[in-house]
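# A look at the structure
If you want the building blocks of each chain, they are given just below.
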Amino acid sequence: MGEVLGNFDKLLHIHHEGEDELMYPQLAEQAPACALHVEQMLEQHRQVTRRLEVIEPLRLRWMETADAEAGQELAGLYADLSAVLNVHLRREVTEVMPAVDRVVTQQELKKAAEHGSSQVSNKFLVGYLGMVLATNPPADRKELFKEIPAPVRLAYRLIGRRMYRKQYSTLFPGRPIPETL
Ligand SMILES: [Fe+2]
């Protein structure tokens, strides 16, 4: 459990780092009118970073000791992180992404998306893909899957789907696993 959470935390951090370095500066340059929005989004990223920094040592301690009190505290910190992320992601998608689509090139976006991908294990990523697919409606799932490079699709079929099930049941014991591709 602690390891799966750690992988998600790391992925989140790297994802924000990619946006901070390779998407938001480009947006601010191409669309100066968005400057205020950009600053707000970067501040929300910093809020997330600060929470991850508090979570990390506690997560490690909890993995070592399985201490119930640390577990409770950790659950509270993740709930708080989730609240911050909910606000951030909703605003980023509705208020910022339309401008990003207009002014940031596909090539630049690709670079931002690929940022730091070598720092996360591919095995974790193909499992994560199962979760991403599961959060989309079935029709979108198929469309999304088609855009993924063939080797990754193969890896997903071979190990990713199973990893997704394992990750999900680790994080949400006893809950039915949402359908994916
Ligand atoms: Fe973001």
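Only a predicted model underlies this, so the values are computations on that prediction, with no experimental measurement involved.

### Observations concerning the confidence of the model for the protein chain
The predicted model of the protein chain has a mean per-residue pLDDT of 94, with 100% of residues at 70 or higher. Confidence scores differ between elements of the protein chain, with helix H5 (residues 106-114) showing the lowest mean pLDDT of 91 and helix H3 (residues 35-65) the highest of 97.

### What to know about the packing of helix H6 (residues 122-134) against helix H7 (residues 138-146)
At a minimum axis separation of 9 Å, H6 and H7 run at an interaxial angle of 140 degrees. Relative to H7, the element H6 is oriented oblique. Of the residues in H7, those in contact with Val132, Leu133 and Ala134 of H6 are Arg141, Leu144 and Phe145. A class-by-class count of the residues in the contact of H6 with H7 yields 5 nonpolar, no polar and 1 charged.

### Details of the pattern of salt bridges
Evaluated as defined, the whole model comprises 8 salt bridges. Notably, a salt bridge pairs Glu43 with Arg50, separated by 3.3 Å at the nearest N-O pair. You can call Arg50 partly exposed: its relative accessible area is 45%. Note that Glu56 is salt-bridged to Arg59, the shortest N-O span being 3.0 Å. Separated by 3 residues within a single helix, Glu56 and Arg59 lie in helix H3, roughly one turn from each other. Salt bridges sharing common partners tie together Glu39, Glu43, Arg46 and Arg50.

### Regarding the side chain of His16
Within the fold, His16 resides in helix H1 (residues 2-22). Setting aside residues up to four positions removed in sequence, His16 forms contacts with His45, Val48, Leu85 and His88.

Conventions and cut-offs
- Residues numbered from 1 in each chain as written.
- Predicted model: local features only at pLDDT ≥ 70, side-chain atom pairs only at ≥ 80, totals over all residues.
- Heavy atoms only, no water.
- pLDDT = per-residue confidence, 0-100.
- Helix = DSSP H or I, 4+ residues; strand = E, 2+ residues; numbered from the N terminus.
- Axes fitted to C-alpha atoms, helices over the stretch in contact; angles between N-to-C directions.
- Parallel < 35°, antiparallel > 145°, perpendicular 65-115°, else oblique.
- Contact = heavy atoms within 4.5 Å.
- Nonpolar A, V, L, I, M, F, W, Y, C, P; charged D, E, K, R; others polar.
- Salt bridge = Lys/Arg side-chain N within 4 Å of Asp/Glu carboxyl O.
- Buried < 20%, exposed > 50% of the residue type's maximum accessible area, 1.4 Å probe, protein only.

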